[in-house]
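# An overview of the molecular structure
As a plain string of letters, each chain reads:
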Amino acid sequence: MKRVLMLLLFAALACSGAQGAVTIVVNEVGNDVVATATGTINTAGFDAQSSSSPSGGFVTGSGFVSAWTCGIGVGSELSVDAYISQGLGNTDVCSTGTRVSADSDSGTYAGLIADTGDDRFVIYVSPGYVSGDPIDGTSTWTGESFSSLGLVPGTYVYSWGSGADADSLTVAIGQAAPETFIVGGSVNGLTGSVTLQNNGADDLVVDTNDSFTFPTELDDGAEYDVTVTTQPSGQTCTVSNGRGTISGADVTNVLVECQDTVAPPPVVPDDPPVSVPTLSEWGAAMMILALFLLTAWRMRGFAA
């Protein structure tokens, strides 16, 4: 008897704006088939959502429906929500076997059906799943192997969405889990709380002057872009060393510097401008003065 261990890891797409991706790693260990799911799924980038479908833990492939090239599910849900992405993107066959349900299941759900007949793939999650929530499903098949389940060793990647809505699910059968790396750094000068993001998502609220680490790890070669989305009250925080590409090591040198906001000086209104008479205005004034003096002189003559 063989044992298949499916480990859904917390990873990210190797592209800008990626969010937490799901990886299913399948290995033969011992006498049973065991699937363990961890990670998150971003549902924002799908083309459509369908009604709930019956599920539970399963593996299946082209032996069940000729148009299906890959099918796998992990978790305890008897019915699941389905998200659809048009344009398959990966037609490799990960399983040639008919559908085999797990003997026991537990935890929140994650799964995949790739359908070349409709040029789409469908991601399964627990009913009411909230995008970004953690997944922790487990399913067990008793007395199975790669051969008995029709599983084909290899790595199969299914991606959906773009930009901040991009995500992926990877099925790695008989392969090691891809190594992932953290993105983090330190905060200085903070007196309140500041909200940071990586790649337009993965919100992280920091309220102490200490080191920080984003919850989502990234694959080697993935880009990262750390920004401030909510400034602390009365302060302005700026990011240094916030953009780059993962290169086989954790990123720990992102620096967030916070300073008190300086109020601008009060605005003092300018003195009103002094009006200077024009030449014509001076001439008119002199003419009026001359007429006044002439009138006064004549009046004086009459009085004499």
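Residues numbered from 1 in each chain as written. Predicted model: local features only at pLDDT ≥ 70, side-chain atom pairs only at ≥ 80, totals over all residues. Heavy atoms only, no water.

### Observations concerning the overall build of the protein
Which entries qualify depends on this criterion: Comment: elements are numbered from the N terminus, with helices defined as DSSP H or I runs of at least four residues and strands as E runs of at least two. Buried residues are those whose accessible area, probed at 1.4 Å on protein chains only, stays under 20% of the maximum for their type, while exposed residues exceed 50% and partly exposed ones sit between those limits.
Looking only at helices and strands, the protein features two helices and 24 strands. The 304 residues of the protein split such that 41% are buried.

### Thoughts on the sheet that holds strand β11 (residues 120-125)
Heads up, the condition is: Only when DSSP finds a minimum of two bridges between them are two strands counted as paired.
An order of β4-β7-β11-β10-β6-β5-β8 is seen for the seven strands of this open sheet, with the pairing classed as antiparallel. Only two strands of the sheet have a single neighbouring strand rather than two, namely β4 (48-54) and β8 (100-101). Here six bridges tie strand β7 (residues 79-86) to β11, and the two strands are oriented antiparallel to one another. Its bridge partner lying in β11, Q86 is registered against R120.

### Observations regarding the side chain of S85
Test applied: By the convention used here, residues are in contact when the closest approach between their heavy atoms is within 4.5 Å.
Within the element layout of this structure, S85 appears in strand β7. The contacts of S85, once residues within four sequence positions are left out, are F46, D47, D119, R120, F121, S159 and W160.

### Description of the sheet that holds strand β16 (residues 183-188)
Where strands meet in a sheet, backbone hydrogen bonds hold them as pairs that are either parallel or antiparallel. Note the cut-off: Orientation is described by lines fitted to C-alpha atoms, with helices fitted over the stretch in contact, and by angles between N-to-C directions that extend from 0 to 180 degrees.
Read from one edge of the open sheet, four strands run β19-β16-β24-β22, paired in mixed fashion. Two strands bound the open sheet, and with one partner strand each, they are β19 (211-213) and β22 (235-240). Each adjacent strand pair in this sheet contributes to an overall mean axis angle of 30°, direction not counted. Summarising the sheet, β22 and strand β24 (residues 251-260) pair through six bridges and their orientation is antiparallel. The residue of β24 that forms the bridge with V239 is V256.

### Observations regarding the state of the cysteines
Short version of the rule: In this description, the term disulfide denotes a pair of cysteine sulfurs within 2.5 Å.
As enumerated under the stated definition, the model contains two disulfides in all. Covalently, C70 is tied to C94 through a disulfide, its sulfur atoms 2.0 Å apart. Between C70 and C94, the S-S dihedral sits near 95°, and the bridge is therefore right-handed. With C70 in strand β6 (residues 68-74) and C94 in the loop between β7 and β8, this residue pair connects regions lying 24 residues apart in the sequence. Residue class for C70 comes out buried when judged on its relative accessible area of 0%. C94 sits in the buried class, given a relative accessible area of 1%. Residue pairing for C237: its cysteine sulfur links by disulfide to C258, the two sulfurs lying 2.0 Å apart. Taking the sign of the S-S torsion, 105° for the link of C237 and C258, the bridge is right-handed. Highlighted residues: C237 in strand β22 and C258 in strand β24, separated in sequence by 21 residues. Given a relative accessible area of 4%, C237 falls into the buried group.

### A word on the packing of aromatic side chains
Just so we agree on the cut-off: Think of it this way: a Phe, Tyr or Trp ring, Trp meaning its six-membered ring, pairs with another when their centres are within 6.5 Å, and the plane angle makes it stacked under 30 degrees, edge-to-face over 60, tilted otherwise.
On inspection of all chains with the given rule, the structure shows seven aromatic pairs. Ring centres of F64 and W68 lie 5.4 Å apart, and the angle between their planes is 35°; this geometry places the pair in the tilted category. The partly exposed category is assigned to F64, whose relative accessible area is 43%. Residue classification places W68 among the buried residues on the basis of a relative accessible area of 19%. Both rings, one in F121 and one in W160, keep their centres 6.2 Å apart while their planes meet at 55°; by these two values the pair is tilted. With a gap of 39 residues between them, F121 in strand β11 and W160 in strand β13 (residues 154-160) connect regions that are remote in the sequence.

### Here's the deal with the pattern of salt bridges
Put simply, the test is: Whenever Lys or Arg places a side-chain nitrogen within 4 Å of a carboxyl oxygen from Asp or Glu, that contact is recorded as a salt bridge.
Evaluation of the coordinates by the stated rule reveals two salt bridges. Residues R120 and D118 are paired through a salt bridge, measuring 3.8 Å at the closest nitrogen-oxygen approach. For D118, a relative accessible area of 43% gives the class partly exposed. Here R243 makes a salt bridge to D225, at a shortest N to O gap of 3.8 Å.

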